[in-house]
Amino acid sequence: MRMSNFKTFLKNQLTGINTFLVLLIYTVLSLVVTYPLIFNFNNCIIGIGSGSHLWNFWWFKRQLFELHKFPLPYIKHTGLMYYPIGQSLYILDPLNALLSIPFQIIFNLPVSYNIIIILNLVLGCFFAYLLVKYLTNNRLAGFVSGIIYGCSPYMLSSINNGWSEAVNICWIPLGVLYLYKLLEENKKKYIVITALFLSLVAFSSWYYGIYICIFTVLFILFHSFSFTKKDFKEKPKAMPLL
């Protein structure tokens, strides 16, 4: 019994080490593909058109800490842009703006923005790795899939163009992973977890919110149809027993 416990403990430790190494490799890879950002982290922001998103990050923090209001994604009117006429606008990436607040408290705005971009790269790779590893039970397949997903041309071009809402791809594989677990394992705890991650997908980008809703409906229908076919095939075997 003790030997069995030791083997379980050792296996868990090795799993933890492997997970850490995967995260470390993805982090190094993210710094490589965004080079030379690592040497200009404090005084530059990555992306050609990042200025408007940087303003959104600042606006979110200002609403919460200075005006003591919860910042809605839709701003009816502000005189802080295009003065004196002002401007109505949407905050396209409210989740990134919200997550950037702790970093804005510690660092300046450019550093906070750069950290959010790097985190999205690392987590995009890692969550895709978790999804594929769960589906295939193969770490190598998951690792390679994480690189393909997180460092795809779409992701890198979105970073280069400064579309921070499009960089929010990391929550999609995590939402799909727990949706699959919910339908396969049928555990109640996965209902809340799945709803949380799917909501994060929608909150991260309105585009991805629409896509994940369509995917969820189709996936549930497909999954239900698969089980219906399976049950239909198994019924004739049980009929002679009646």
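Residues numbered from 1 in each chain as written. Predicted model: local features only at pLDDT ≥ 70, side-chain atom pairs only at ≥ 80, totals over all residues. Heavy atoms only, no water.

Draft legend 1. Just the overall build of the protein chain, in detail. When you go through the protein chain residue by residue, the secondary structure sums to 10 helices and two strands. Seen in sequence order, the protein chain has helices and strands lined up from the N terminus as α-α-β-β-α-α-α-α-α-α-α-α. Looking at the protein chain as a whole, 37% of its 242 residues qualify as buried. Once local pairs closer than 6 in sequence are excluded, the contacts in the protein chain between residues at least 24 apart make up 66%. Total accessible area on the protein chain is roughly 14700 Å²; 70% of this is exposed by carbon and sulfur atoms. (Helix = DSSP H or I, 4+ residues; strand = E, 2+ residues; numbered from the N terminus. Buried < 20%, exposed > 50% of the residue type's maximum accessible area, 1.4 Å probe, protein only. Contact = heavy atoms within 4.5 Å. Areas by Shrake-Rupley, 256 points an atom, 1.4 Å probe, with all protein chains shown as cover.)

Draft legend 2. Representation of the pattern of salt bridges within the structure. With the rule as written, the count across this model stands at two salt bridges. Glu66 serves as the salt-bridge partner of Arg62, at 3.7 Å between the closest nitrogen and oxygen. Between Glu185 and Lys187 there is a salt bridge whose closest N-O contact spans 3.7 Å. The class of Lys187 is partly exposed, set by a relative accessible area of 39%. (Salt bridge = Lys/Arg side-chain N within 4 Å of Asp/Glu carboxyl O.)

Draft legend 3. Layout of the nonpolar core. Counting 47 residues, the largest nonpolar core has Tyr26, Ile159, Trp171 and Leu174 as the members making the most contacts within it. Breaking this core down by element, the ones donating at least two residues are helix H1 (2-33), helix H2 (51-65), helix H3 (94-99), helix H5 (109-136), helix H7 (153-161), helix H8 (171-185), helix H9 (189-204) and helix H10 (206-238). Among the elements that take part in this core, H5 stands out by supplying 13 residues, more than any other. Apart from the residues within four sequence positions on either side, Ile159 is in contact with Ile46, Gly47, Ile117, Leu121 and Val167. (Core = buried A, V, L, I, M, F, W, Y, C linked by side-chain atoms within 4.5 Å.)

Draft legend 4. Seen up close, H2. With 15 residues, H2 should reach 21 Å at 1.5 Å per residue; the first-to-last C-alpha distance of 21 Å fits that figure. Of all the positions in H2, only His53, Leu54, Trp55, Asn56, Phe57, Trp59, Phe60 and Gln63 are classed as buried. (Expected span 1.5 Å × (residues − 1).)

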